[in-house]
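Listed here are the chains, written in short residue letters.
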Amino acid sequence: MKYRELGKTGLMVSEIGLGGEWLERHNTEEVKQVIDCCTEAGINILDCWMSEPNVRSNIGAALKGSRDKWIIQGHIGSTWQNGQYVRTRDLEKVDAAFKDLLTRMCTDYIDLGMIHFVDETAEFAKIMEGEFIGYVKGLKEKGTIRHIGMSTHNPDVAKLAALSGVVEMILFSVNPAFDMLPASENIDDYFKDEYEVTADGITPEREELYRICEQQGVGITVMKGYAGGRLFNAETSPFGVALTPVQCLHYALTRPAVASVMVGFDTPAHVDAAVAYETASQEEQDYATVLAHAPRHAYSGQCTYCGHCAPCPSGIDIAMVNKLYDLAQMQDTVPPTVRAHYESLSARGDSCIRCGGCETRCPFGVHVVERMAAAAKLFG
């Protein structure tokens with residue numbers, strides 16, 4: 001296992017990390033099997049955003065006796081209310097949930113205290129100017145958290161966080177489907193510089209974000225590296241071709257400022273599939289050649305979340321609604337976290353007035369109006 005420094009935190013984290021979300025579906029012994037497999041592979045960082053009590057307790061039990069070997073990303077603002085996950089900024093509920101995390105994880109500190117799930121710039125401003133950031137800073141002053149982080153899917157919010165001087169690292173969604181936009185009619189031209197150090201070929205907002213994070217020493221840990229599994233199937237991939245876990249990991253780990261990819265593991269076999277990256281050949285890691293030969297029609301009608309459909313007169317973040325809709329479609333039922341992300345948006349699919357302006361600006365011919373209606377129906 002290779003290790004990278006996480007920004008200026010001084011923490012050395014494994015390139016492959018453990019995203020704990022899927023552990024909610026497993027019992028105590030199964031969780032321990034996954035975490036033991038991670039330990040044996042040299043994985044030393046895990047993310048626990050989940051507020052569900054059992055999964056927190058199961059992870060804590062699995063870490064017993066080895067807490068000092070793990071770097072924990074624990075989220076502040078993720079709570080369990082009336083039997084379900086609720087994101088909140090109510091400090092009484094936030095404090096109770098964070099103390100519950102410490103108790104169930106059998107620890108008196110969290111390495112990376114994550115301001116949980118901030119996806120709109122207005123909310124970022126409210127958090128950074130109000131009592132919430134005061135609470136988080138207080139935790140750091142007491143040593144209850146060692147560093148301040150933030151989780152977001154929005155590059156504009158992530159950029160503000162990176163420039164804030166307060167947020168030390170970011171948990172951000174990174175994968176080819178979220179990042180890329182063809183630069184010309186010739187798909188081969190688009191990927192010709194893919195292996196250069198610069199972030200050429202991705203959307204300008206994300207290129208700028210990665211550059212700022214690298215310049216500011218703000219490390220990135222990655223979520224959604226597999227796009228919820230969407231990239232493993234040619235039928236669901238926006239490129240019309242399937243990628244492997246190793247190729248997805250290589251994409252994320254070659255972005256500037258990225259230190260670790262937090263992979264959701266269901267079983268020890270999933271751990272092995274990710275850790276195979278460490279011994280993979282250049283040919284096995286090569287995603288660019290695969291995407292360069294993707295069928296051109298893969299982009300037609302497929303949302304790549306580029307944001308060129310904006311602005312929306314109803315204020316809908318169309319790219320975000322499409323992203324959450326696609327992630328939800330990957331599962332038999334809508335995951336609670338995806339639903340919560342959708343419901344937190346200030347304007348959703350049902351806000352669409354069917355003006356069609358977005359469709360005239362979309363480079364890929366996406367039927368945006370239809371997808372907004374489908375999202376409204378799916379999320380209810």
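Data block above holds the structure.
## Some words on empty space enclosed by the protein
Thought 1: Inspection of every chain in the model, using the stated rule, returns two cavities of 30 Å³ or more.
Thought 2: Computed from the structure, the largest cavity encloses a volume of approximately 90 Å³.
Thought 3: Cys312, Ile318, Cys352, Cys355 and Cys358 are, among the 15 residues lining the largest cavity, the residues nearest its centre.
Thought 4: Contributing elements (two or more residues each) for the lining of the largest cavity: helix H16 (357-361) and helix H17 (368-379).
Thought 5: For the lining of the largest cavity, the residue count by class is 11 nonpolar, two polar and two charged.

## Some thoughts on the pairing of strand E4 (residues 45-48)
Thought 1: Residues Ile45 and Asp47 of E4 are buried on one face, and the alternating residues Leu46 and Cys48, pointing to the opposite face, are buried as well.
Thought 2: The pairing of strand E3 (residues 16-19) with E4 spans two bridges and is classified as parallel. When the bridges of E4 are listed, Leu18 appears paired with Leu46.
Thought 3: Considered for its hand, the β-α-β crossover made up of E3, helix H1 (residues 28-41) and E4 is right-handed.
Thought 4: Pairing geometry for E4 and strand E5 (residues 71-76), over four bridges, is parallel. Within E5, the position partnered with Cys48 by the bridge is Gly74.
Thought 5: In the classification by handedness, the crossover that spans E4, the intervening helix H2 (residues 53-63) and the parallel E5 is right-handed.

## Some words on the pattern of salt bridges
Think of it this way: side chains of opposite charge can pair up when their charged atoms draw near.
Thought 1: Per the stated rule, a full pass over the model turns up 16 salt bridges.
Thought 2: The salt bridge partner of Glu278 is Lys2, with a shortest N-O separation of 3.6 Å. Taken as a pair, Glu278 in the loop between helix H11 (268-275) and helix H12 (282-285) and Lys2 in the segment before strand E1 (3-5) lie far apart in primary sequence, 276 residues in all.
Thought 3: Exposure remark for Glu278: the relative accessible area of 14% places this residue in the buried category.

## Describing the packing of helix H15 (residues 336-344) against H17
Thought 1: Two numbers describe how H15 lies on H17: the axes approach to 11 Å, and their chain directions differ by 120 degrees. The orientation of H15 relative to H17 falls into the category oblique. For the pair H15 and H17, the sense of crossing is left-handed. Between H15 and H17, the residues in contact are Val338, Arg339 and Tyr342 and Ala375, Ala376, Leu378 and Phe379, respectively.
Thought 2: Here the residues of the contact of H15 with H17 sort into six nonpolar, no polar and one charged.

## Re the environment of Lys159
Thought 1: With respect to the helices and strands, Lys159 occurs in helix H6 (residues 155-163).
Thought 2: Between the C-alpha atom of Lys159 and that of Ala273, which follows or precedes it by 114 residues, the distance is 32 Å.
Thought 3: In contact with Lys159, not counting residues within four places along its chain, are Glu208, Leu209 and Ile212.

Rules used throughout
- Residues numbered from 1 in each chain as written.
- Predicted model: local features only at pLDDT ≥ 70, side-chain atom pairs only at ≥ 80, totals over all residues.
- Heavy atoms only, no water.
- 1 Å grid on protein atoms, 1.4 Å probe; cavity = no way out; pocket = protein on both sides within 12 Å on 5 of 7 lines; lining within 4 Å.
- Points joined across faces, edges and corners; volume = space filled by probe spheres on them.
- Helix = DSSP H or I, 4+ residues; strand = E, 2+ residues; numbered from the N terminus.
- Nonpolar A, V, L, I, M, F, W, Y, C, P; charged D, E, K, R; others polar.
- Buried < 20%, exposed > 50% of the residue type's maximum accessible area, 1.4 Å probe, protein only.
- Pairing = 2+ DSSP bridges.
- Right-handed = clockwise from strand over helix to strand, strands pointing away.
- Salt bridge = Lys/Arg side-chain N within 4 Å of Asp/Glu carboxyl O.
- Axes fitted to C-alpha atoms, helices over the stretch in contact; angles between N-to-C directions.
- Parallel < 35°, antiparallel > 145°, perpendicular 65-115°, else oblique.
- Left-handed = near helix turned anticlockwise from the far one by under 90°.
- Contact = heavy atoms within 4.5 Å.

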